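Working through the structure, step by step
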Amino acid sequence: MTATREPGGDLLFRMEGISKRYGGVRALENADLPVQAGRIHAILGENGAGKSTLIKIMAGVVAPDEGRMLMDGREVSFASPAEANAAGIACIFQELSLIPDLSVADNIAISAPPRRFGLIDRKAQRRLAEEALARAGADDIHPRTLVKDLPLSRRQMVEIAKALARNPRILILDEATSALTASDVAKVFAVLKRLRAEGMALLYISHRMHEIAELADDCTVFRNGRKVATYAAGTRSDAEVVEMMIGREYSNVFPPKPARARTGETPILELRNLSWGERLRDISLTIARGEVVGLGGLDGQGQRELLLALFGVLRGCTGEVLVEGKPVRVSSPAQARSERIGMALIPEDRKTEGLMLPMTVRENLSFAALDRVSRAGVIDKTQEDRRIEEMVRLLAIKTAGVDIPVGALSGGNQQKVVIAKWLMRGPRIILLNDPTRGIDVGTKQEIYALLRRLADDGASILFYSTDYDELIGCCDRVLVLYDGQVVNTLEGDGITEHALIASALNIGDRIRAQGGAA
Amino acid sequence: MKEWRYLVAENRGTLLAVAIFVAIFIIYTANHPAGLTANVAQTAANKGVLLAFVAMAQTMVVITAGIDLSVGMIFILTNCLASWLVVGTPGETALGVVAVLLCGLLCGALNGAIVIFGRLQPIVATIATGAIYFGIALMLRPFPGGSVNEDLADALTGKLFGIIPSSLVVLALVVLVVWVPFSRSLYGRTAYAAGSSEAAAYMSGIPIGRSKFLAYTLAGLLASIGGLFLTFFTYTGEAAFASGNAYTLFSIAAVVLGGVSLFGGRGSVIGAIFGALAFRTIGDLLFVFDFDPLWQPLFQGVVLLVAVSLGAFGLFRVRNRLEWFL
């Protein structure tokens with residue numbers, strides 16, 4: 001192996017015409033992907049572009065609807081992650097696949113622990129784990145530590161060691177560096193380059209452009225489930241790549257934003273220097289009456305934690321929260337939703353945190369507002385019916401009746417029920433955690449219109465979305481978070497896809513550092 | 001960190017259970033009119049091992065994040081069966097023992113098949129199978145009766161070399177023959193992994209279904225060893241409903257006391273054994289203090305509550321309240 005890479009090394013694996021749908025949502029459409037030995041192939045694309053589906057298919061987690069996969073020229077199919085593993089494909093997932101209650105060594109050796117007389121040989125396993133950790137550049141981790149006692153960045157290193165212990169021919173890294181510290185990233189990069197030199201094929205999924213520039217030999221861009229292009233690294237400019245990721249299709253799905261001056265008004269919600277451990281650092285923000293403020297940035301930079309902190313779920317937060325200029329303490333969701341504060345949180349996962357799926361639409365709708373429709377602790381049925389009918393009409397919830405289980409509704413209508421449930425309380429401050437994930441375009445559009453209407457009626461909205469288009473289309477202002485900090489605030493016409501991506505990747509770091517030093 | 005610290009960290013629950021047992025047992029023997037004699041130890045051991053076997057059975061299932069509410073009934077069913085079969089010549093007796101153990105294995109395998117392949121919830125599935133096992137026990141022994149090979153019974157409930165309680169020796173042997181291989185096999189490892197995070201275990205491509213099935217099956221086997229010992233102590237078989245239920249519930253208490261997490265993935269059979277012995281000793285404490293026996297359930301409940309609270313301190317460190325529900 002030489003340091004310079006020839007285009008077109010040995011073709012190890014190929015995907016041809018792979019498609020996958022989830023219900024009505026097209027996740028991947030007719031995708032082709034060549035994977036060559038001894039090369040690092042970067043996969044680029046926005047959230048929801050189909051990257052995750054692609055690697056899940058390669059890793060045997062989901063089966064494709066159409067298309068075929070070839071390994072060494074022979075057609076293969078994987079019914080389970082175990083089969084993909086056996087074929088020589090190891091994957092480092094974004095959601096970790098480690099067992100929290102087992103030790104590091106147990107985890108590294110989990111799929112095929114060394115055995116003597118049929119029993120696991122602890123000593124051999126220990127050696128194997130130490131070797132794998134050393135190979136991953138993480139020999140500071142003791143193999144006997146329980147995984148749950150390790151911080152996230154160390155767990156990620158264990159995950160990498162675990163994949164290496166299987167001696168894969170193809171290694172897939174899905175945002176594997178997102179939780180790592182800078183020094184770990186450098187170590188991992190050195191490891192990846194060595195593996196490449198040893199002839200391994202690597203698929204590298206990342207949002208971080210500079211990482212891809214440093215590592216990749218080939219790049220493939222996906223958008224909306226389709227492959228846009230495969231090209232040799234370094235042959236396209238950053239601007240061209242970003243354009244390929246965004247595409248140029250824009251349509252009028254967003255309601256118009258009002259032009260307003262909001263000077264001198266007391267903000268409805270104000271945060272001063274909110275911190276929570278390492279995850280939220282010194283966050284200050286204000287939201288005026290009728291304003292829609294977005295939270296942007298890469299996934300997992302503290303946006304969820306910020307919403308949870310506001311809603312009283314996190315313990316040990318420091319800083320000040322003011323509602324209409326008055327300091328408040330919120331230490332539980334029950335307090336957050338009280339009349340005094342009037343907050344509502346539309347949670348990220350409607351199936352676990354938003355709805356009781358087997359219960360009826362009626363019950364789900366009135367949970368959060370039972371105190372508003374009861375007198376002396378007894379539910380006033382007429383009033384409840386009236387309010388529920390109002391909500392079903394307001395949000396155009398398509399349901400065969402309010403007495404069927406909410407689980408029987410489509411995803412979009414379920415999400416409407418979650419939103420309606422909180423609107424029944426008439427909240428002043430509405431926090432939304434990625435509310436349009438996994439729902440159809442039509443419903444998305446209705447939700448955008450609803451948010452603007454609520455704002456016009458005086459609500460203050462804090463809106464986290466992983467979809468840049470949404471932030472641009474819906475928000476009056478967008479705060480971009482990186483590593484638990486607000487790194488940039490975009491306003492009005494300044495909210496553009498380029499600006500969002502640039503701030504999310506924190507490319508502006510150098511410029512600001514210079515400005516600060518001057 | 002030093003190696004021994006990892007050993008302590010890995011076995012924290014088990015060590016806590018041992019400590020609780022030792023503390024309670026010292027209080028018990030210190031106040032016992034006879035002190036710690038071979039006879040006192042023998043009686044305590046014989047009372048303790050019954051629950052210990054059932055608690056071991058419960059542990060196997062709880063590790064996989066399941067629960068087995070039929071262990072007490074398997075215990076009763078095998079007791080009734082043993083009172084028919086474990087009799088006669090040494091050869092016949094041996095065959096009888098094998099048949100009883102097989103019966104336990106079968107009961108456990110049925111539980112496992114229903115839960116894993118039928119995808120029913122462990123709680124409901126084992127309530128139903130428990131009722132079935134008790135029904136069969138009733139048919140075997142509508143009235144208490146039967147007998148057992150008394151030579152074998154006396155040997156296994158007596159003292160070895162006049163000092164060591166034989167029942168404890170058998171308990172240790174069972175741990176060596178059943179638990180040690182299981183916990184060090186790929187299946188045991190997988191059972192823990194599935195209990196800790198089934199999704200991650202699936203992603204790691206390990207045999208979840210087979211491992212859980214094995215855990216349920218071995219649970220049946222362990223409960224039947226308990227049933228055998230019950231027969232050795234009582235010389236009879238009795239389809240005692242209340243006793244079966246009590247053993248099921250006590251086994252859960254013993255398991256928690258023994259540092260096994262009801263959420264799965266954590267703990268060991270060794271801890272559960274000490275949990276069971278501690279639980280039994282708590283029940284006997286009153287007698288050495290000469291209190292009215294009517295106080296026993298109340299007192300036992302209070303001590304149990306205090307003991308299990310020791311394991312709950314971790315919750316005070318949680319910083320994201322949503323983690324309370326994980």
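Calculation rules
Residues numbered from 1 in each chain as written. Chains lettered and ligands numbered in written order. Predicted model: local features only at pLDDT ≥ 70, side-chain atom pairs only at ≥ 80, totals over all residues. Helix = DSSP H or I, 4+ residues; strand = E, 2+ residues; numbered from the N terminus. Buried ≥ 20, exposed ≤ 12 C-beta atoms within 10 Å, placed from the backbone. Contact = placed C-beta atoms within 7 Å. Pairing = 2+ DSSP bridges. Axes fitted to C-alpha atoms, helices over the stretch in contact; angles between N-to-C directions. Nonpolar A, V, L, I, M, F, W, Y, C, P; charged D, E, K, R; others polar. Core = buried A, V, L, I, M, F, W, Y, C linked by C-beta atoms within 7 Å. pLDDT = per-residue confidence, 0-100. Parallel < 35°, antiparallel > 145°, perpendicular 65-115°, else oblique. Left-handed = near helix turned anticlockwise from the far one by under 90°.

**Focus: the overall build of chain A**
Along its length, chain A carries 18 helices and 24 strands. Each principal axis of the C-alpha atoms in chain A carries an extent, and together these give about 75 × 60 × 45 Å. Out of the 518 residues in chain A, the part that is buried amounts to 44%. Considering only contacts in chain A between residues 6 or more positions apart, those separated by 24 or more positions represent 68%.

**Description of the sheet that holds strand 6 (residues 89-92) of chain A**
Residue and element names in this part refer to chain A. The six strands are arranged 6-9-10-3-11-12 in an open sheet whose pairing can be described as mixed. Each end of this open sheet is capped by a strand with a single partner; those strands are strand 6 and strand 12 (226-232). Mean inter-strand twist for the sheet, computed between neighbouring axes without regard to direction, equals 15°. Helix 1 (residues 51-58) rests against strand 3 (40-44), strand 6, strand 9 (170-174), strand 10 (201-205) and strand 11 (218-223) of the sheet, and its axis sits at about 150° to strand 9.

**A short note on the interface of chain B and chain A**
Counting residues at the interface gives 27 residues for chain B, matched by 28 residues for chain A. Elements supplying a minimum of two residues to the side of chain B that touches chain A: helix 1 (3-10), helix 9 (186-196) and helix 10 (198-203) of chain B. The leading source of residues in the side of chain B that touches chain A is helix 9 of chain B, at five residues. Grouping the amino acids of the side of chain B that touches chain A by side-chain chemistry returns 14 nonpolar, seven polar and six charged.

**Examining unusual backbone geometry**
Residues and elements named next belong to chain A. A positive phi is found at Phe117, a non-glycine position, where the angle reads about 50°. Within the secondary structure layout, Phe117 lies in the loop between strand 7 (115-116) and strand 8 (119-120). Positive phi, close to 55°, is recorded for Asp483, a residue that is not glycine. Note that Asp483 resides in the loop between strand 23 (477-482) and strand 24 (485-491). Residue class for Asp483 comes out partly exposed when judged on the 14 C-beta atoms lying within 10 Å of it.

**Concerning the sheet that holds strand 13 (residues 269-276) of chain A**
Residues and elements named next belong to chain A. The strand order 14-13-16-17 describes an open sheet built from four strands, whose pairing is antiparallel. If you trace the sheet from one side to the other, it starts and ends with strand 14 (280-287) and strand 17 (326-328), each paired once. Adjacent strand axes in the sheet meet at a mean angle of 25° when their direction is disregarded. Pairing of strand 13 with strand 16 (residues 318-323), which is carried by five bridges, proceeds in the antiparallel orientation.

**Some details on the pairing of strand 24 of chain A**
Residues and elements named next belong to chain A. In this structure, strand 23 lies alongside strand 24, joined through six bridges in antiparallel fashion. Bridge pairing in strand 24 places Leu479 opposite Thr489. A loop of two residues connects strand 23 with strand 24, the two strands running antiparallel in sequence, and Asp483 in this loop sits at a positive phi of about 55°.

**A closer look at the nonpolar core**
In terms of nonpolar packing, the biggest core is built from 167 residues, with Ala161 and Ile172 of chain A together with Phe53 and Ile273 of chain B touching the most fellow members. Counting residues per element, this core draws most heavily on helix 3 (residues 38-63) of chain B, which supplies 15 residues. Ignoring anything within four residues of it in the chain, the contact list for Phe53 of chain B reads Leu222, Ala223, Ile225, Gly226 and Phe229 of chain B. With 76 residues, the next largest nonpolar core counts Leu298, Ile341, Tyr464 and Leu500 of chain A among its residues.

**Re the confidence of the model for chain A**
Residue and element names in this part refer to chain A. Put simply, chain A has an average pLDDT of 83, and 90% of its residues get 70 or more. Confidence over residues 1-8 falls short of pLDDT 50; this stretch has seven contacts with residues more than four positions distant or in other chains. This stretch, residues 509-518, has a pLDDT under 50; its non-local contacts, to residues over four places away or in other chains, come to zero contacts.

**Considering the environment of Thr59 of chain B**
Residue and element names in this part refer to chain B. Along the chain, Thr59 turns up in helix 3. In sequence terms Thr59 and Ala272 are 213 residues apart; their C-alpha atoms lie 6.8 Å from each other. Residues contacting Thr59, with those up to four places away along its chain left out, are Val255, Val260, Gly267, Val269 and Ala272.

**A word on the pairing of strand 10 of chain A**
Residue and element names in this part refer to chain A. Along strand 10, five of the five residues are buried, which leaves the element largely enclosed by surrounding structure. In terms of strand pairing, strand 3 meets strand 10 through four bridges, oriented parallel. Residue pairing for strand 10: Ala42 is matched across the bridge by Tyr204. As paired elements, strand 9 and strand 10 share five bridges and run parallel to each other. Among the inter-strand pairings, Leu171 is bridged to a residue of strand 10, identified as Leu202.

**Regarding the environment of Ile472 of chain A**
Residue and element names in this part refer to chain A. Its location among the elements puts Ile472 in helix 16 (residues 468-474). Judged by local crowding, Ile472 falls into the buried class, with 20 C-beta atoms found within 10 Å. Each C-alpha atom of the pair Ile472 and Gly294 lies 8.7 Å from the other, and the pair is 178 residues apart in sequence.

**Quick look at the environment of Ala408 of chain A**
Residues and elements named next belong to chain A. Following the sequence through the fold, Ala408 ends up in the loop between helix 13 (381-394) and helix 14 (411-423). Judged by the 14 C-beta atoms lying within 10 Å of it, Ala408 falls in the partly exposed class. Distance from Ala408 to Val191, taken between C-alpha atoms, is 48 Å for residues 217 residues apart in sequence.

**Quick notes on the packing of helix 8 (residues 166-183) of chain B against helix 11 (residues 208-234) of chain B**
Residue and element names in this part refer to chain B. Helix 11 packs onto helix 8 with a crossing angle of 170° between their chain directions and a minimal axis gap of 12 Å. Judged by the inter-axis angle, helix 8 sits roughly antiparallel to helix 11. Taking contact as the criterion, the partners of Ser167, Val174, Val178 and Phe182 in helix 8 are, on helix 11, Leu218, Leu222, Ile225 and Phe229.

**A short note on the packing of helix 3 of chain B against helix 13 (residues 269-288) of chain B**
Residues and elements named next belong to chain B. Across the interface, helix 3 lies against helix 13 with an axial gap of 8 Å and an inter-helix angle of 140°. Classified by the interaxial angle, the pair formed by helix 3 and helix 13 is oblique. Between helix 3 and helix 13 lies a crossing of right-handed hand. Contacts between helix 3 and helix 13 involve Ala44, Lys47, Gly48, Leu51, Ala52, Ala55, Met56, Gln58 and Thr59 from the first element and Val269, Ala272, Ile273, Gly275, Ala276, Leu277, Phe279, Arg280 and Thr281 from the second.

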